[in-house]
Amino acid sequence: MVLGRYRNAFNTLDAGAAAAVWPTVNEKTLARAFQRLDDQQVSFESCEIEIGGVHAEAACSGTARYIPKVGSRTPKAEARRWTFILRRASDGWLIDGIDAR
């Protein structure tokens, strides 16, 4: 599913893979952000998905763990809540927008 592809793109720090499921993302900006990380692991503990025809919204809670390349090399972990705005495309779902807090 699209959320798994998003998570895998962020876990592998692959801006191109992220853009494949989130076409509106600024791929260059995301690539620069990924370059500042040595490692990142995004995990979703739970997701609630509401589908309404060709649109859907997914609210997921989970954790983002990461190690920056500069500064403290201590892994950091942050609880996060993501809200994904999705739309149905010809070959599955795509992300139109994300709010992460």
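Predicted model only: the values in this text are computed from it and were never measured.

Quick word on the nonpolar core
Part 1 of the reasoning: Tyr 6, Phe 10, Phe 44, Phe 84, Leu 86 and Ile 95 are the most contacted members of the largest nonpolar core, which totals 23 residues.
Part 2 of the reasoning: For this core, the secondary structure elements donating two or more residues are helix 1 (2-11), helix 2 (15-21), helix 3 (27-35), strand 1 (37-52), strand 2 (55-68), strand 3 (76-89) and strand 4 (92-100).
Part 3 of the reasoning: Take this core: its biggest share by element is five residues, from helix 1.
Part 4 of the reasoning: Setting aside anything within four residues of it in sequence, one finds Phe 84 in contact with Leu 3, Tyr 6, Phe 44, Ala 56, Glu 57, Ala 58, Cys 60, Ile 95, Gly 97 and Ile 98.

Description of the pattern of salt bridges
Part 1 of the reasoning: One pass over the full model with this rule turns up four salt bridges.
Part 2 of the reasoning: Among the salt bridges present, the one from Arg 87 reaches Asp 96, with a minimum N-O distance of 2.7 Å.
Part 3 of the reasoning: By relative accessible area, Arg 87 is classed as partly exposed at 27%.
Part 4 of the reasoning: One salt bridge connects Asp 99 with Arg 101, and the closest N-O pair in it is separated by 2.7 Å.
Part 5 of the reasoning: The exposed category is assigned to Arg 101, whose relative accessible area is 69%.

Brief notes about the sheet that holds strand 1
Part 1 of the reasoning: Taking strand neighbours across the sheet as the criterion, the four strands line up as 1-2-3-4 in an open arrangement whose pairing is antiparallel. Here the strands that pair on one side only, and so sit at the sheet edges, are strand 1 and strand 4. Taken over all neighbouring pairs, the strand axes of this sheet differ in orientation by 30 degrees on average, direction set aside.
Part 2 of the reasoning: Relative to strand 2, strand 1 is paired through 14 bridges, and the arrangement is antiparallel. In the sheet register, Leu 37 faces strand 2, and the bridge partner there is Pro 68.
Part 3 of the reasoning: This element, helix 1, spans strand 1, strand 2, strand 3 and strand 4 of the sheet and lies at about 170 degrees to strand 1.

As for the state of the cysteines
Part 1 of the reasoning: Across all of its chains, the model carries one disulfide by this definition.
Part 2 of the reasoning: There is a disulfide in this structure between Cys 47 and Cys 60, and the S-S distance comes to 2.1 Å. An S-S torsion of about 115 degrees defines the bridge between Cys 47 and Cys 60 as right-handed. On the criterion of sequence distance, the pair formed by Cys 47 in strand 1 and Cys 60 in strand 2 is long-range, its members being 13 residues apart.
Part 3 of the reasoning: What makes Cys 60 buried here is its relative accessible area of 0%.

The rules we used
- Residues numbered from 1 in each chain as written.
- Predicted model: local features only at pLDDT ≥ 70, side-chain atom pairs only at ≥ 80, totals over all residues.
- Heavy atoms only, no water.
- Core = buried A, V, L, I, M, F, W, Y, C linked by side-chain atoms within 4.5 Å.
- Buried < 20%, exposed > 50% of the residue type's maximum accessible area, 1.4 Å probe, protein only.
- Helix = DSSP H or I, 4+ residues; strand = E, 2+ residues; numbered from the N terminus.
- Contact = heavy atoms within 4.5 Å.
- Salt bridge = Lys/Arg side-chain N within 4 Å of Asp/Glu carboxyl O.
- Pairing = 2+ DSSP bridges.
- Axes fitted to C-alpha atoms, helices over the stretch in contact; angles between N-to-C directions.
- Disulfide = S-S within 2.5 Å.

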